[in-house]
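Listed here are the chains, written in short residue letters.
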2 protein chains.
Amino acid sequence: MDAISPKPPTRIQQEKRERILEAALDVFSAHGFGGATLDRIAQAAGMSKPNLLYYFRGKDDIYTALIERLLDRWLEPLRALDPQGDPLQEIRAYVRRKLEMSRDYPRESRLFAGEILAGAPRIMPLLEGELKELVDDKAMLLERWMAQGRLRAADPRHLIFSVWATTQHYADFDAQVRAVLGPEWSDEERFEAAARFLEALFAEGLRTR
Amino acid sequence: MDAISPKPPTRIQQEKRERILEAALDVFSAHGFGGATLDRIAQAAGMSKPNLLYYFRGKDDIYTALIERLLDRWLEPLRALDPQGDPLQEIRAYVRRKLEMSRDYPRESRLFAGEILAGAPRIMPLLEGELKELVDDKAMLLERWMAQGRLRAADPRHLIFSVWATTQHYADFDAQVRAVLGPEWSDEERFEAAARFLEALFAEGLRTR
DNA sequence: GCCATTTTTGACCAGTTGGTTCAAAGCGTA
DNA sequence: TACGCTTTGAACCAACTGGTCAAAAATGGC
């Protein structure tokens, strides 16, 4: 008897769960939790609804599985902030990595944004635990850099917020960004212009004179 | 016969519509369009559902009425950017006003964010029209200031995006901000710290050396 | 090829949703 | 008081929702 893992998932189970999560990411990120339906997710995954419910207990189960899997990847860029590196270069690299994530994983960003927008009812413990600890840790690092005069003195947590806000904006508010810029900008041009602007803003805004 | 306005709305009609919109703002901003129900809005407005539907044609009608009414107030701070003023002071004031709106009208901000997040299906024409025109206009003003050397050269549209993103973050992602900062910050302290940080970031980031 | 297990599906269900019906109840005005 | 118009709510409806069930199909070890 194996109490911990009575039945190791088969290859087909993993594949199907993966296909479902991929489809659910599409649907949830486009319509929100309330606007998404199991039928739609099942159709997008190319299977029947009962079949989908054979692999997941229900709508909430799929949703939470998606979000939990997300958080790790989402925090990776902040984790990579290196205490040994040059402060301004580290922040610049952080901004760039975060912006790349908005470009490469916009659906994930929107899913996350929708959850927070609704008050984060399903992941509040994660935010108050794992996320807060990481931010507290990196805030201390930033404060150290500021005390050493290698970075302009400023509230480190609000600095982190502003990086999140500015970079995720290009995924979460993509519709607005496109509408305002007009159709004459390609995806690459938009990304490059945003990267240039944000790197300069933070570099100049945080450089000690 | 009055073709334009065959029946001027009575005082009671205006009051009831107002009460409904107020209640709908509560419900829509908290649960999103899909998650909101007419019953809930009717209950929040203190009336029966058929009564509510006597004043509005349907769920969409309420939602669009809310959003359209919003846009004007939302753009006011950007409109107030004064060509005669001092560039850095104008931007600083713009950031402060926008942040005050996040503090004073968080439900409106979240409603708007939800709409954009879903791809702005109902207000895309407004974004491509009114909003784009205003941004184009103010971008020219910023470019003029930059050409005069009164502001660091940078992409003016992405500058506007970054002001939107950083300030609205405190309304739209309020749940996350609170979770990360912890309970020991009062609303005023949070707002003051955010204002200080953002004003400094943009002032230093855009100042010519 | 046989059998137990896993995977898939069509049919179905109870609850909720946006929206309607219609008759009763206000309400201003003469 | 009597008349028309506005306002209200109980009951109702069709469509859709998340979720179930039992039986069929596919799979895999022997």
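Use the structure listed above.
Residues numbered from 1 in each chain as written. Chains lettered and ligands numbered in written order. Predicted model: local features only at pLDDT ≥ 70, side-chain atom pairs only at ≥ 80, totals over all residues.

**Side note on the protein's contact with DNA strand C**
Taken together, 18 residues surround DNA strand C, and among them P50 and N51 of chain A together with T37, G58 and K59 of chain B come closest. For the surface near DNA strand C, the elements supplying multiple residues, two or more each, are α1 (11-35) and α3 (49-55) of chain A together with α2 (38-44) and α3 (49-55) of chain B. By residue class, the composition of the surface near DNA strand C is eight nonpolar, six polar and four charged. (Near = placed C-beta within 6 Å. Helix = DSSP H or I, 4+ residues; strand = E, 2+ residues; numbered from the N terminus. Nonpolar A, V, L, I, M, F, W, Y, C, P; charged D, E, K, R; others polar.)

**Let's talk about the environment of F191 of chain B**
Locating F191 of chain B in the fold gives a position in helix α10 (residues 187-206). According to the C-beta neighbour criterion, F191 of chain B is partly exposed, with 17 such atoms within 10 Å. (Buried ≥ 20, exposed ≤ 12 C-beta atoms within 10 Å, placed from the backbone.)

**Digging into the packing of helix α5 (residues 87-104) of chain B against α10 of chain B**
All names here are of chain B. Packing of α5 against α10 leaves a shortest axis separation of 10 Å and a crossing angle of 150°. By the angle between their directions, the pair α5 and α10 is classed as roughly antiparallel. Handedness of the α5/α10 crossing: right-handed. Contact residues: α5 offers L88, I91, R92, V95, R96, L99 and R103, while α10 offers F191, A194, A195, L198, E199, F202, A203 and L206. By residue class, the composition of the contact of α5 with α10 is eleven nonpolar, no polar and four charged. (Axes fitted to C-alpha atoms, helices over the stretch in contact; angles between N-to-C directions. Parallel < 35°, antiparallel > 145°, perpendicular 65-115°, else oblique. Left-handed = near helix turned anticlockwise from the far one by under 90°. Contact = placed C-beta atoms within 7 Å.)

**Considerations on unusual backbone geometry**
Residues and elements named next belong to chain A. A positive phi angle is found at A120, which is not glycine, with a value near 55°. Residue placement: A120 occurs in the loop between α6 (106-117) and α7 (124-147). Accessibility expressed as a C-beta count within 10 Å gives 21 for A120, which makes it buried.

**With respect to the relation of the copies chain A and chain B**
Expressed as a screw operation, the relation of chain A to chain B combines 0.0 Å of axial shift with a rotation of 180°, fitting to an RMSD of 0.0 Å. Here the transformation between the copies is reduced to the relation of a two-fold axis. Rotation axis and chain A: the residue whose C-alpha lies nearest the axis is G205 of chain A, separated from it by 1.9 Å. In this assembly, 100% of the residues forming the interface of chain A have copies in chain B that are likewise at the interface, indicating an isologous arrangement. (Least-squares fit on C-alpha atoms with pLDDT ≥ 70 in both.)

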